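# Understanding the architecture of this molecule
Each chain is listed here by its residues.
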Protein chains: 2
Amino acid sequence: MKQYQEMTREELQAQREQLEQAYARLQAKGLKLNMARGKPGADQLELSLPMLDALNSGSDCHDASGLDCRNYGELLGIPEARKLFGEYMGVTPEETIVVGSASLTFMYDCMARAMLLGVLGGEKPWCRYDKVKFLCPVPGYDRHFTICETLGIEMINIPLTEWGPDMDLVEKLVSEDETVKGIWCVPKYTNPLGGSYSDEAVRRLAALKPAAKDFRIFWDNAYAAHYVYEDTPLLNILEECKAAGNPDMVYMFGSTSKISFPGAGVAFFAASKANVDFTAKQLDAQAISWDKLNMLRHVRFFKDLDGIRAQMDRHAAILRPKFDAVLSTLEREVGSTGAGAWVKPKGGYFVTYMAPGCAKRIVQLCKEAGVVLTDAGATHPYHKDPEDSYIRIAPSFPSPAELAQAMEVFCTAANLAAVEKLLG
Amino acid sequence: MKQYQEMTREELQAQREQLEQAYARLQAKGLKLNMARGKPGADQLELSLPMLDALNSGSDCHDASGLDCRNYGELLGIPEARKLFGEYMGVTPEETIVVGSASLTFMYDCMARAMLLGVLGGEKPWCRYDKVKFLCPVPGYDRHFTICETLGIEMINIPLTEWGPDMDLVEKLVSEDETVKGIWCVPKYTNPLGGSYSDEAVRRLAALKPAAKDFRIFWDNAYAAHYVYEDTPLLNILEECKAAGNPDMVYMFGSTSKISFPGAGVAFFAASKANVDFTAKQLDAQAISWDKLNMLRHVRFFKDLDGIRAQMDRHAAILRPKFDAVLSTLEREVGSTGAGAWVKPKGGYFVTYMAPGCAKRIVQLCKEAGVVLTDAGATHPYHKDPEDSYIRIAPSFPSPAELAQAMEVFCTAANLAAVEKLLG
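Remember, predicted model here, so these are calculated numbers, not experimental data.

Parameters at a glance
- Residues numbered from 1 in each chain as written.
- Chains lettered and ligands numbered in written order.
- Predicted model: local features only at pLDDT ≥ 70, side-chain atom pairs only at ≥ 80, totals over all residues.
- Heavy atoms only, no water.
- Helix = DSSP H or I, 4+ residues; strand = E, 2+ residues; numbered from the N terminus.
- Rg over C-alpha atoms; globule rule 2.2 N^0.38 Å.
- Buried < 20%, exposed > 50% of the residue type's maximum accessible area, 1.4 Å probe, protein only.
- Contact = heavy atoms within 4.5 Å.
- Lys, Arg positive; Asp, Glu negative; His and termini not counted.
- Charge placed at Lys NZ, Arg CZ, Asp CG, Glu CD.
- Salt bridge = Lys/Arg side-chain N within 4 Å of Asp/Glu carboxyl O.
- Buried area = accessible area lost by both parts, 1.4 Å probe.
- Polar contact = N/O pair within 3.5 Å; in protein donor to acceptor, adjacent residues only side chain to side chain.
- Nonpolar A, V, L, I, M, F, W, Y, C, P; charged D, E, K, R; others polar.
- Least-squares fit on C-alpha atoms with pLDDT ≥ 70 in both.
- pLDDT = per-residue confidence, 0-100.
- Pairing = 2+ DSSP bridges.
- Axes fitted to C-alpha atoms, helices over the stretch in contact; angles between N-to-C directions.
- Phe/Tyr/Trp six-rings, centres within 6.5 Å; stacked < 30°, edge-to-face > 60°.
- Lys NZ or Arg CZ within 6 Å of the ring centre and 35° of its normal.
- Expected span 1.5 Å × (residues − 1).
- Arc of directions from axis to C-beta.
- Right-handed = clockwise from strand over helix to strand, strands pointing away.
- Parallel < 35°, antiparallel > 145°, perpendicular 65-115°, else oblique.
- Left-handed = near helix turned anticlockwise from the far one by under 90°.
- Core = buried A, V, L, I, M, F, W, Y, C linked by side-chain atoms within 4.5 Å.
- Bend = angle between axes of the 7 residues up to and from the residue.

Let us now look at the overall build of chain A. Each helix and strand in chain A was counted, giving 13 helices and 13 strands. In terms of overall dimensions, chain A is globule-like: its C-alpha atoms have a radius of gyration of 23 Å, near the 22 Å expected for 424 residues. When the backbone C-alpha atoms are referred to their principal axes, chain A occupies close to 75 × 55 × 35 Å. Looking at chain A as a whole, 63% of its 424 residues are labelled buried. Across chain A, the fraction of contacts at a sequence separation of at least 24, relative to all contacts at a separation of at least 6, is 75%. Here chain A contributes 46 positively and 55 negatively charged side chains, and the mean placements of these two sets differ by 2 Å.

Spelled out as structure tokens, the structure:
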């Protein structure tokens, strides 16, 4: 088939008619499908069900240090959890804090504490500045942006490629402006583009010379082990920061939300020992301890890093056919028309579709045919995608059959929007 | 025996010698005992062990609305948990948010959000004021005071009786000063005095006419069901606030920390529907959902309010002999000398000992004989007890045998400190 851009006006009009008819037929089905959020599917959740047997009324509930996990104590997490999830993050137990059940909540917390109380090496709490700014590689994760927007932190868009943020721009902004206090990074299978930061990107980030003494890289390594097709190597940012003489410049975050149970897993924070000590002091006002029984449950179930890796193999086996379905449908239905482009991710939870000037219209068409996508613009600060181009497709939650239907709607909408745009 | 105050100098000197010898003998035992924190004992934790069987790999993990508790969702908590813990707090499910595993963390959160984002009805976030003040009934809970101190909120001492705070003073300060933004209350078996707020105290609090439109009563009902000797009635503050035309003036907090597992229970927040809606909107930046599997575990184990009450009967049966031991030893060893006074609590986790001018010395003597108590001064903001009088004794964690030893040390120290003080 001819690509839309090569078609005459008449050919495009014929396409529009066909697509409108196809769309009307799909609309008539009264579908109710959701590809909006990166939620694991029920089959993935089954994988962790045996964890619920890891602690029962006959279990010894003491941790490796002999502490009773049923009682208060150990603000930074039980030793075996700090060890396992430290290893998972590539750091020592002393560089790890294991907290509640969501890394997002701890990221918000770190940002809120920075605002209210300040950061190691800083002169004053961030809320004492007239303005504080954060660099936001785009497209990015909407919930990161919501944290900044809620706390009144000004966001600056940084173009993101598959291999990392535009480092020339990052270096310039960070070295010039004392109120640029940090950058959000999803370094592996980045949300939503799917690529991973190159060695060069990680090294240049680690070697930044910020004007702000309390600059922090918020390194949300949410998908550290979450390959779908292939495990991508990623440099250890904390090691690189140490090597570059910036040991305190990075906060790393992770969780088992997409390894065990979303919202009922454990989350962790990794940073230099100095940052961990500083954070622990601040946390002391905020918590006595987090859920140590759940930490114990996780450690006893996974046992070690190999246990986590084996679990991730099982997740990948479930996710792969879903990603296949999305990618092959896109290839077949949209690849042939040139309506848009997409990145084939090696892992993570998303496929990003790009069609300048069409994103809002596609999301609207999908919605009106019963297929919910993340709002267009959600990939950008303030919900403003200046190119109206990016759509994040989340294939994990629907069943393969639902996914096939939803992608049929999506591709029809994508093609229709492209034709409409060309016809003006 | 004669009371110390009636003794001659010579008699007191003889007492001192005797007490010093007794103290030296105790010191020689090399004890290592802790009455510092309100931690449940291991026997109390056993009571909730069967809860760990409430969810296993064969369980249906859906909530009453059909939501899969293993996945993201339901930011405000699952319906059956909002119902049960709402009932526990005396409010509707719509007036309840069930959150993570610690009410202290949520109190900190509420305060941090008030500082950063503001409170319903407020003009601006509290951190935008030059100064924000909180009223602190004393003696009170050290961790409340730490939250204020950490966030830079100025604390004003309010004398607390067994029946509630000095309401004349509260009414005066609250109505005069727009920067007085709230008051901490532990209304039942108050930490550490042990008394409960009278109907009059609750009604006068509910009827406050604050100068600040965003004034909040932080109502930490930590011991709502935690009787030891007798369940004390307590008026429902939210109802009273509604009746007084102040429906949005109170935030209520509670948790199962001392019902199920400290740090691994569930915590809850109760307030007017308007406050819940306002809070939910702010929380949306901070969390996707809390641990719903743990909520489900709790609801399935306790079933209903009667289930919680039955559990509290079992806790009381374990705690009563411990409180008996503390109180009878005090009666026998200190009652006879008049070295100090204490309140016999009806419930809660503490016995407060009062001996003006002696608290620091007693804590030091105990420490040097191997018995750790909460620091003197911890009952007051900024760790400053102006009378150096209050000591919080926590009898729950040690075994009865340990408690007997620890109380022997305590009473010897208390008597010795009193005699030393009289001798000048």
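On to the environment of Gly-118 of chain B, then. Residues and elements named next belong to chain B. When you line up the elements, Gly-118 lands in the loop between helix H4 (103-116) and strand E3 (133-138). According to the relative accessible area criterion, Gly-118 is buried, its value standing at 5%. A sequence separation of ten residues divides Gly-118 from Arg-128, and the C-alpha atoms of the two residues are 9.3 Å apart. If we ignore the near neighbours within four places in the chain, the residues touching Gly-118 are Arg-113, Lys-124, Pro-125, Phe-278 and Gln-282.

Turning to the pattern of salt bridges, a few remarks are in order. Residues and elements named next belong to chain A. Summed over the entire model, instances satisfying the criterion amount to 40 salt bridges over all chains. A salt bridge links Asp-214 to Lys-181; the shortest N-O distance between them is 2.7 Å. Highlighted residues: Asp-214 in the loop between helix H7 (199-206) and strand E7 (216-220) and Lys-181 in strand E6 (residues 180-185), separated in sequence by 33 residues. Given the relative accessible area of 1%, Asp-214 is considered buried.

Attention now moves to the environment of Met-1 of chain B. Residue and element names in this part refer to chain B. Among the secondary structure elements, Met-1 is positioned in the segment before helix H1 (9-28). Met-1 gets classed as exposed once you look at its relative accessible area, which sits at 62%. C-alpha of Met-1 to C-alpha of Thr-337: the two residues are 336 residues apart in sequence and 7.0 Å apart in space.

With 54 residues of chain B at the interface, the matching set in chain A holds 54 residues. Of all residues in chain B, the largest losses of buried area upon contact with chain A belong to Arg-70, Tyr-72 and Leu-116 of chain B, amounting jointly to 16% of the total for that side. Between Glu-46 of chain A and Arg-70 of chain B there is a salt bridge, and its shortest N-O distance comes to 3.3 Å. Counting across the chain B and chain A interface gives 14 residue pairs in polar contact (both at pLDDT 80 or more). Breaking the side of chain B that touches chain A down by element, the ones donating at least two residues are helix H2 (42-46), H4, helix H5 (142-150) and helix H10 (292-302) of chain B. Among the elements that take part in the side of chain B that touches chain A, H4 of chain B stands out by supplying eight residues, more than any other. Partitioning the side of chain B that touches chain A into residue classes produces 28 nonpolar, 13 polar and 13 charged.

It is worth spelling out the relation of the copies chain B and chain A at this point. Mapping chain B onto chain A is achieved by rotating through 180 degrees and translating by 0.0 Å along the same axis, at an RMSD of 0.0 Å. Both copies are brought into coincidence by an operation consistent with a two-fold rotation axis. The residues that chain B uses at the interface reappear at the interface of chain A in 100% of cases, marking a shared surface.

Before going further, it helps to spend a moment on the confidence of the model for chain A. With 100% of its residues at a pLDDT of 70 or more, chain A has an overall mean of 96. In the predicted assembly, ipTM is 0.96 and pTM is 0.96.

With that settled, the discussion passes to the sheet that holds strand E4 (residues 154-161) of chain A. Residues and elements named next belong to chain A. Read from one edge to the other, the open sheet built from eight strands follows the order E2-E9-E8-E7-E6-E3-E4-E5, with strand pairing classed as mixed. Strand pairing shows two members of the sheet lacking a second neighbour, strand E2 (96-98) and strand E5 (164-165), which therefore form its edges. Its contacts with the sheet place helix H4 (residues 103-116) against strand E3 (133-138), E6, E7, strand E8 (250-255) and strand E9 (267-270), and it is angled at close to 155 degrees to E8. Together, E3, E4, E6 and E7 form the strand contacts of helix H5 (residues 142-150), whose direction differs from that of E3 by roughly 160 degrees.

Take the packing of aromatic side chains next. Across all of its chains, the model carries 34 aromatic pairs over all chains by this definition. Ring plane angle 90 degrees and centroid distance 5.7 Å describe the contact between Tyr-197 of chain B and Trp-219 of chain B, whose orientation is recorded as edge-to-face. Within this pair, whereas Tyr-197 of chain B is found in the loop between strand E6 (180-185) and helix H7 (199-206), its partner Trp-219 of chain B is found in strand E7 (residues 216-220), the two being separated by 22 residues in sequence. Neither residue differs from the other here; Tyr-197 of chain B and Trp-219 of chain B are each classed as buried. It is Arg-113 of chain A that lies over the ring of Phe-106 of chain A; its NZ or CZ is 5.1 Å from the centre.

The next point concerns H1 of chain B. Residue and element names in this part refer to chain B. For H1, built from 20 residues, the straight-helix expectation of 28 Å at 1.5 Å per residue is met to within 8% by its first-to-last C-alpha distance of 28 Å. The set of residues buried in H1 consists of Leu-12, Gln-15, Leu-19, Ala-22, Tyr-23 and Leu-26. Down the axis of H1, the sector holding all buried residues measures 105 degrees, keeping them to one side. More than 90 degrees from the buried face of H1, the exposed residues found are Glu-10, Glu-17, Gln-18, Arg-25 and Ala-28. At its buried positions, H1 is contacted by helix H12 (359-368) and helix H13 (400-423). Of the residues one or two after H1, Gly-30 is the one with positive phi, at around 60 degrees.

All names here are of chain B. Strand order across the open sheet formed by three strands is E10-E11-E13, with antiparallel pairing between neighbours. Since the sheet does not close on itself, it has two edges, and those belong to strand E10 (341-342) and strand E13 (390-393), each with one partner. In this structure, E10 lies alongside strand E11 (residues 351-354), joined through two bridges in antiparallel fashion. When the sheet's bridge partners are listed, Trp-342 is paired in E11 with Tyr-353.

A word on the pairing of E7 of chain A. Residues and elements named next belong to chain A. The element E7 is extensively covered by neighbouring structure, given that five of its five residues are classed as buried. Residues of E7 alternate between two faces, with Arg-216, Phe-218 and Asp-220 on one and Ile-217 and Trp-219 on the opposite face, all of them buried. Sheet topology places E6 next to E7; four bridges connect them, and they run parallel. Paired with Trp-184 across the bridge in E7 is Phe-218. The parallel pair E6 and E7, bridged by H7, forms a crossover whose chirality is right-handed. The pairing of E7 with E8 spans four bridges and is classified as parallel.

Residues and elements named next belong to chain B. Here H1 crosses H13 at 150 degrees, and the two axes come no closer than 9 Å. What the angle tells us is that H1 and H13 run roughly antiparallel. The two elements H1 and H13 meet at a crossing, and its hand is left-handed. Residue-level inspection shows Arg-9, Leu-12, Gln-13, Gln-15, Arg-16, Leu-19, Glu-20, Ala-22, Tyr-23 and Leu-26 of H1 in contact with H13, the latter providing Glu-408, Val-409, Thr-412, Asn-415, Leu-416, Val-419, Glu-420, Leu-422 and Leu-423. In terms of residue class, the contact of H1 with H13 is built from ten nonpolar, four polar and five charged.

Further remarks concern the nonpolar core. In summary, soluble globular proteins display a tendency toward joint burial of nonpolar side chains. Of all hydrophobic cores here, the largest spans 208 residues; its most connected members are Leu-205 of chain A together with Leu-205 of chain B. What Leu-205 of chain A contacts, discounting residues up to four positions off in sequence, is Met-167, Val-170, Ile-183, Cys-185, Tyr-197, Ile-217, Trp-219, Ile-237 and Met-249 of chain A.

Another aspect to go through is helix H11 (residues 305-334) of chain A. Counted at 1.5 Å a residue, the expected span for H11 of chain A with its 30 residues is 44 Å, and the 40 Å between its end C-alpha atoms agrees. Along H11 of chain A, the sharpest change in direction is near 30 degrees and occurs at Leu-319 of chain A; proline Pro-321 of chain A comes one to four residues later.

Once that is clear, we can look at unusual backbone geometry. Keep in mind that most residues, glycine aside, have a negative phi and that most peptide bonds are trans. Residue and element names in this part refer to chain A. Between Val-138 and the following residue, Pro-139, the backbone shows a cis peptide bond with an omega angle of 0 degrees. The topology assignment puts Pro-139 in the loop between E3 and H5. Of note, the phi angle at Glu-74 is positive, near 60 degrees, even though the residue is not glycine. Along the chain, Glu-74 turns up in the loop between helix H2 (42-46) and helix H3 (79-89). Despite not being glycine, His-383 shows a phi value in the positive range, around 60 degrees. If you trace the backbone, His-383 turns up in the loop between strand E12 (371-372) and strand E13 (390-393).

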